[in-house]
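Listed below are the residues making up each chain.
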Amino acid sequence: MPATLSLNQARRIALAAQGLDKGRPAGPVTSRTVGRTFARIQLVQIDSVNVLSRSHFLPFFSRLGNYDRTILQRMASLPPRRMMEYWAHEASFIRPEHFQDLRLWQKRTWVGASALDPELRDAVAGKIFDALAAGRPMTAAELTVNIGHVEDRRDDNWGWNWNAVKRVLEDLFEAGTISAASRTEQFERKYTLTARVLPRRLALEPTPDPVEAMHRLIDAAAQAHGIGTVKCFADYFRTPVKAAAASVDHLVSIGRLEPVAVAGWDRKVFLHADATMPRRAAGRALLSPFDSLVFERRRLEELFGFHFRIEIYTPAHLRRFGYYVLPFLLGDTIVARVDLKADRAAGNLLVRSAYGEPDAPPGTAVELAAELELLAEWLELDNIVVSPIGDLAESLGTALRHRAGPLRSQGTPAAWPVSLP
């Protein structure tokens, strides 16, 4: 008979696997600390929305607190790279060790040039390779000029209205033959040959066996989860469920995974051999909408009783909680959610709504106020402005005012502004 775990035990296992079960480091956060965190969670999702901060920066803040974001930029753009871009759980920064394995299993041809005329595609690809082989990394716009590409552009195309150069670049990126050397201030990829990005020891390795590659990916996903189902593990790197299920069976056979039962779950659940179960979870974190803890929505609801939906693409009048909503984790419970925006010009962290969960403890507003102060400090914002939207907003505004002392800014009927000490 499989071991049986309580829901609270499963939660603590999941939080420990993600590095969210403890308080943040007391001392300065070093590049080694950031590297260890990245190795633990295996990947961070990339998203272009910058309403608060670029999404790949936030998981490290959630786990480490105030850290220097240039550490990530160096990890992704300077050799020997410890992170690189590729398709995984959507566009992501991945560990270079996973690139060759993911390359075999990621099929995102829709993002590139699959619909282009083959002759045009091959001609543009040839010019791109020549330009990148001969020179420095370039953006799509720079390459368009460099190779002398001209085309009539239509404004009614769906999606991003990419020209042929950008579409071919994304096709080659998906194929794994070119990669991103770095990003510009506008978050545009600077493309180069993958051989110049992938660490040499990995570039020289032969193409892996697809089955062995899947075993490694599912093992890494299960390690990052600690505990989960086949669907959980497959979703982490967005790999096919059928192939993932076969890898789960293999990992069970060699002792890397153990079938267990979790109270309240009606699916087969597996525990990773390296999983730990702390006696208690004492972390506190605002989680990015794209954080790896919240990737798989059914798992999130089964583990934490928390229903979450990203409402960025929902029309404003249909949104329930807001545009860029971050779950708030306290201990082993997700106790609230807040819609946040960084008004950089005014130096304000805007709390556009704040909602408590039904089981939120009495001190939720105080804990959330402390977390928002830490976030504002990390983002170099001087004030926190709480709008009176949501059942937690008023108590949150009060908690912030008590922490800050006498207000140094004028309040308005529409919001509670708080200047940080």
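Predicted, not measured: the structure shown is a model, and the values here were computed from it.

Student: Which residues make up the pairing of strand β6 (residues 189–193), and what are the values?
Tutor: Burial analysis of β6 places four of its five residues in the buried class, which makes it a mostly covered element. Examined bridge by bridge, strand β5 (residues 178–183) and β6 share five bridges and lie antiparallel to one another. Residue pairing in the sheet places I178 in a bridge with L193 of β6.

Student: For the domain arrangement of the chain, give the residues involved together with the corresponding values.
Tutor: As far as domains go, the chain holds domain 1 (4–104 + 209–272), domain 2 (118–203) and domain 3 (283–404). A straight line from the C-alpha centre of domain 1 to that of domain 2 covers 28 Å. Listed by partner, the interface residues are 17 residues for domain 1 and 20 residues for domain 2. Applying the counting criterion to the domain 1 and domain 2 interface returns three salt bridges. A salt bridge links R183 to E85, with the nearest nitrogen and oxygen atoms 2.8 Å apart. Counting the contacts that link domain 1 with domain 2 gives six residue pairs in polar contact (both at pLDDT 80 or more). Element by element, the count of residues in the side of domain 1 that touches domain 2 is highest for strand β3 (residues 84–88), at four residues.

Student: Describe the packing of helix α14 (residues 364–378) against helix α15 (residues 393–404), listing the residues and the values that go with them.
Tutor: Packing of α14 against α15 brings their axes to within 8 Å, and their N-to-C directions diverge by 60°. As summarised for this structure, α14 and α15 are arranged oblique, according to the angle between their axes. As for how α14 packs across α15, the hand of that crossing is right-handed. Contacts from A365, V366, L368, A369, A370, L372 and E373 of α14 reach α15 at S395, L396, A399, L400 and R403.

Student: Quick rundown of the pattern of salt bridges? Include the residues and the values.
Tutor: The full count for this structure, using the stated rule, is 25 salt bridges. Here E142 ties to R136 by a salt bridge, and the two come within 3.5 Å at their closest N and O atoms. Its relative accessible area of 48% is what places R136 among the partly exposed residues. By sharing partners, the salt bridges in this structure join E85, K166, E170, R183 and R189 into a single network.

Student: Any details on the environment of Y313? Residues and values, ideally.
Tutor: Here Y313 lies in the loop between α13 (297–304) and β11 (325–330). Taking C-alpha positions, Y313 is 8.3 Å from Y323, a pair spaced ten residues apart along the chain.

Student: I'd like to hear about empty space enclosed by the protein, residue by residue, with values.
Tutor: For the structure shown, the criterion picks out one cavity of 30 Å³ or more. Computed from the structure, the largest cavity encloses a volume of approximately 40 Å³. Taken together, P289, F308, R309, I310, E311, G322, Y323 and V325 form the lining of the largest cavity. Grouping the constituent residues of the lining of the largest cavity by class yields five nonpolar, one polar and two charged.

Student: A description of α15 should follow, citing residues and the corresponding values.
Tutor: In this model α15 runs 16 Å from its N-terminal to its C-terminal C-alpha over twelve residues, within 8% of the 16 Å that 1.5 Å per residue would give. Among the residues of α15, A393, L396, G397, A399, L400 and A404 are the ones counted as buried. What you see down the axis of α15 is that its buried residues fit within an arc of 160°, all on one side. For α15, the exposed residues lying more than 90 degrees away from the buried face are E394 and H402.

Student: Talk me through the sheet that holds strand β8 (residues 257–262); I want residue IDs and the actual numbers.
Tutor: Pairing is mixed in the open sheet, where four strands are placed in the order β1-β8-β9-β7. Here the strands that pair on one side only, and so sit at the sheet edges, are β1 (3–5) and β7 (227–228). Where β8 lies against strand β9 (residues 269–272), four bridges are found, and the strand directions are antiparallel. Directly across from E258, in β9, lies its bridge partner L271. On top of the sheet, helix α10 (residues 210–225) reaches β7, β8 and β9; it is set at about 90° to β9, its chief contact. Most of the contacts of helix α12 (residues 241–253) go to β8, to which it runs at about 105°, and overall it touches β8 and β9.

Student: Explain the layout of surface pockets to me, using residue names and the numbers behind them.
Tutor: Gaps left between atoms show up when a probe the size of a water molecule is rolled over them. In this model, the second largest pocket occupies a volume close to 560 Å³. The wall of the second largest pocket is formed by 24 residues, among which R54, H56, F57, Q73 and F187 lie closest to the centre. Secondary-structure elements contributing two or more residues to the lining of the second largest pocket are α4 (70–77) and β5. Residue composition of the lining of the second largest pocket, by class: ten nonpolar, seven polar and seven charged.

Cut-offs applied
Residues numbered from 1 in each chain as written. Predicted model: local features only at pLDDT ≥ 70, side-chain atom pairs only at ≥ 80, totals over all residues. Heavy atoms only, no water. Buried < 20%, exposed > 50% of the residue type's maximum accessible area, 1.4 Å probe, protein only. Helix = DSSP H or I, 4+ residues; strand = E, 2+ residues; numbered from the N terminus. Pairing = 2+ DSSP bridges. Domains from an automatic or database assignment. Contact = heavy atoms within 4.5 Å. Salt bridge = Lys/Arg side-chain N within 4 Å of Asp/Glu carboxyl O. Polar contact = N/O pair within 3.5 Å; in protein donor to acceptor, adjacent residues only side chain to side chain. Axes fitted to C-alpha atoms, helices over the stretch in contact; angles between N-to-C directions. Parallel < 35°, antiparallel > 145°, perpendicular 65-115°, else oblique. Left-handed = near helix turned anticlockwise from the far one by under 90°. 1 Å grid on protein atoms, 1.4 Å probe; cavity = no way out; pocket = protein on both sides within 12 Å on 5 of 7 lines; lining within 4 Å. Points joined across faces, edges and corners; volume = space filled by probe spheres on them. Nonpolar A, V, L, I, M, F, W, Y, C, P; charged D, E, K, R; others polar. Expected span 1.5 Å × (residues − 1). Arc of directions from axis to C-beta.

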